[in-house]
Amino acid sequence: MDEHFFQCPYCWEQISMLIDTSQAQQNYIEDCEICCNPIQISLITRHQQIIDFQAESIGQ
Ligand SMILES: [Zn+2]
């Protein structure tokens, strides 16, 4: 697991999430811990490292 910091697409606060780096490609929705809006997370890992990470608001 790897802690990743990014900005929430709704409230622009910096938040962190624990990422399971054992899976190469992931797509899921997780609520922002500050504003509770659902964030679409898309990420790619390679050799247990996050090489691509996107956090987008739902419906945009
Ligand atoms: Zn937020």
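As a reminder, the structure under discussion sits directly above these lines.
Residues numbered from 1 in each chain as written. Predicted model: local features only at pLDDT ≥ 70, side-chain atom pairs only at ≥ 80, totals over all residues. Heavy atoms only, no water.

A.B. asks: Please explain the overall build of the chain as it appears in this structure.
C.D. replies: In terms of helices and strands, the chain carries zero helices and five strands. Traced from its N-terminal end to its C-terminal end, the chain shows the element sequence β-β-β-β-β. For the chain, whose C-alpha radius of gyration is 11 Å, the value lies close to the compact-globule estimate of 10 Å for 60 residues. Along the first, second and third principal axes, the C-alpha atoms of the chain reach 30 × 20 × 15 Å. Here the chain holds 60 residues, and the buried ones make up 30% of them. Long-range pairs, those at least 24 residues apart, make up 28% of the contacts in the chain with a sequence separation of at least 6. Taken as a whole, the chain presents about 4100 Å² of accessible surface, with 43% of it coming from carbon and sulfur. (Helix = DSSP H or I, 4+ residues; strand = E, 2+ residues; numbered from the N terminus. Rg over C-alpha atoms; globule rule 2.2 N^0.38 Å. Buried < 20%, exposed > 50% of the residue type's maximum accessible area, 1.4 Å probe, protein only. Contact = heavy atoms within 4.5 Å. Areas by Shrake-Rupley, 256 points an atom, 1.4 Å probe, with all protein chains shown as cover.)

A.B. asks: For this particular structure, what's the right way to read the packing of aromatic side chains?
C.D. replies: One pair of aromatic rings is described through two measures. These are the centre distance and the angle between the planes. A complete count under the given rule lists one aromatic pair for this structure. With a centroid separation of 4.9 Å and an interplanar angle of 45°, the aromatic rings of F6 and F53 are classed as tilted. Placement of the pair is F6 in strand 1 (residues 2–7) and F53 in strand 5 (residues 49–57), with a sequence separation of 47 residues. Among the residues examined, F53 registers a relative accessible area of 17% and is labelled buried. (Phe/Tyr/Trp six-rings, centres within 6.5 Å; stacked < 30°, edge-to-face > 60°.)

A.B. asks: So what exactly am I meant to see when it comes to the sheet that holds strand 4 (residues 38–46) here?
C.D. replies: Through backbone hydrogen bonds, the strands of a sheet pair up, either in parallel or in antiparallel fashion. Reading across from one edge, 3-4-5 is the order of the three strands in this open sheet, with antiparallel pairing throughout. In the strand order of this sheet, the two ends are held by strand 3 (25–31) and strand 5, each with one partner. Each strand axis lies, on average, 20° off the axis of its neighbour in the sheet, ignoring direction. Pairing between strand 4 and strand 5: eight bridges, direction antiparallel. From the neighbouring strand, T45 faces strand 5, where its bridge partner is I50. (Pairing = 2+ DSSP bridges. Axes fitted to C-alpha atoms, helices over the stretch in contact; angles between N-to-C directions.)

A.B. asks: Just to check I follow, could you spell out the coordination of the zinc ion for this structure?
C.D. replies: Within the protein, the atoms that donate to the zinc ion are C8 (SG), C11 (SG), C32 (SG) and C35 (SG), at distances of 2.3 Å. In primary-sequence terms, the residues that donate to the zinc ion follow C-x2-C-x20-C-x2-C. By relative accessible area, which is 0% here, C8 ends up buried. (Donors = N, O, S within 2.8 Å, 3.2 Å for Na, K, Ca; no water.)

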